[in-house]
Amino acid sequence: PPPRPPAARRHRRAAPALQLAGGVIELTQTLAKLIRQIKERAHEKEQLNGVQAEFRKHLGWQQQRMHSLQRDVERLHNETSWLKEKTSEVDQDASLLAHEIRQCRREMEQCRRERDILRRELDTVDAEVKLEKESSAALQTINDQGHKALVLHSRERDTYKVDADTAKLEAFRLKDRIEELAYRLNGLATNK
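Presented here is a report on the structure given in the accompanying data block. (Residues numbered from 1 in each chain as written. Predicted model: local features only at pLDDT ≥ 70, side-chain atom pairs only at ≥ 80, totals over all residues. Heavy atoms only, no water.)

### What to know about the overall build of the chain
- The helix and strand inventory of the chain stands at 1 helix and 0 strands.
- For the chain, the exposed area adds up to about 18,100 Å²; of that, 60% sits on carbon and sulfur atoms. (Helix = DSSP H or I, 4+ residues; strand = E, 2+ residues; numbered from the N terminus. Areas by Shrake-Rupley, 256 points an atom, 1.4 Å probe, with all protein chains shown as cover.)

### Observations concerning the pattern of salt bridges
- By the definition in use, this model includes 10 salt bridges.
- Among the ionic pairs, K86 bridges to E89, the shortest N-O distance being 3.4 Å. Here K86 pairs with E89, and both are found in helix 1 (residues 6-191), just 3 residues apart, close to one helical turn.
- Judged by relative accessible area, K86 falls into the partly exposed class, the value being 33%.
- Owing to a relative accessible area of 38%, E89 belongs among the partly exposed residues under this scheme.
- As a salt-bridge pair, R184 and E180 come within 3.1 Å of each other at their nearest N and O atoms. (Salt bridge = Lys/Arg side-chain N within 4 Å of Asp/Glu carboxyl O. Buried < 20%, exposed > 50% of the residue type's maximum accessible area, 1.4 Å probe, protein only.)

### Side note on the state of the cysteines
- If you walk through the whole model with that rule in mind, you get 0 disulfides.
- This cysteine, C104, is not joined by any disulfide, and C111 carries the nearest cysteine sulfur, 9.9 Å off.
- Given a relative accessible area of 48%, C104 falls into the partly exposed group.
- Under the relative-accessibility criterion, C111 is labelled partly exposed at 47%. (Disulfide = S-S within 2.5 Å.)

### Topic: a nonpolar patch on the surface
- The grouping of L122, V125 and V129 at the surface amounts to a nonpolar patch, some 230 Å² of accessible area in total.
- The partly exposed category is assigned to V129, whose relative accessible area is 37%. (Patch = residues over 30% accessible without salt bridge, like charges linked within 9 Å, V, L, I, M, F, W, Y side chains within 5 Å.)

All quantities given are derived from atomic positions and should not be read as evidence of function.
Pasting the structure below:
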């Protein structure tokens, strides 16, 4: 190529230098921008690392909570099984108690019927006792009257006995007198 004049050479030299200076400024700006972005990214990374640490802590807590909940679920399952067994036992006991209550009610009704029968019998016996008492009172009255009559009869008998004894004595006296008179009469009759 033909040689260029010095001004054009300078101009040519100056243009790449200007381009180079513009590129350096642009690179500096891009570098500053990238450094800012790197700082922002580093700050974001720190924040994300903090969030990750918090999240890990939270996950650890959740795992502990999950283990605790699993133990609680297992315990609740065991308690539920135990309660089902106890409920079954209570149902059986309730069924037995209901049967015994029905049996007791039937026996109580039987006892009430027997009580009513005994009450009627007792009322009958009370009526009979009352009649017996009245009869006994009437017999006592008759007995008292009989005793009075017996006492009166005894007195009359004693009076009649005294009268009979007196009459006997009188009859013996009369007999003796008759015999004496008969003896006298016989003696007179033989004397004639």
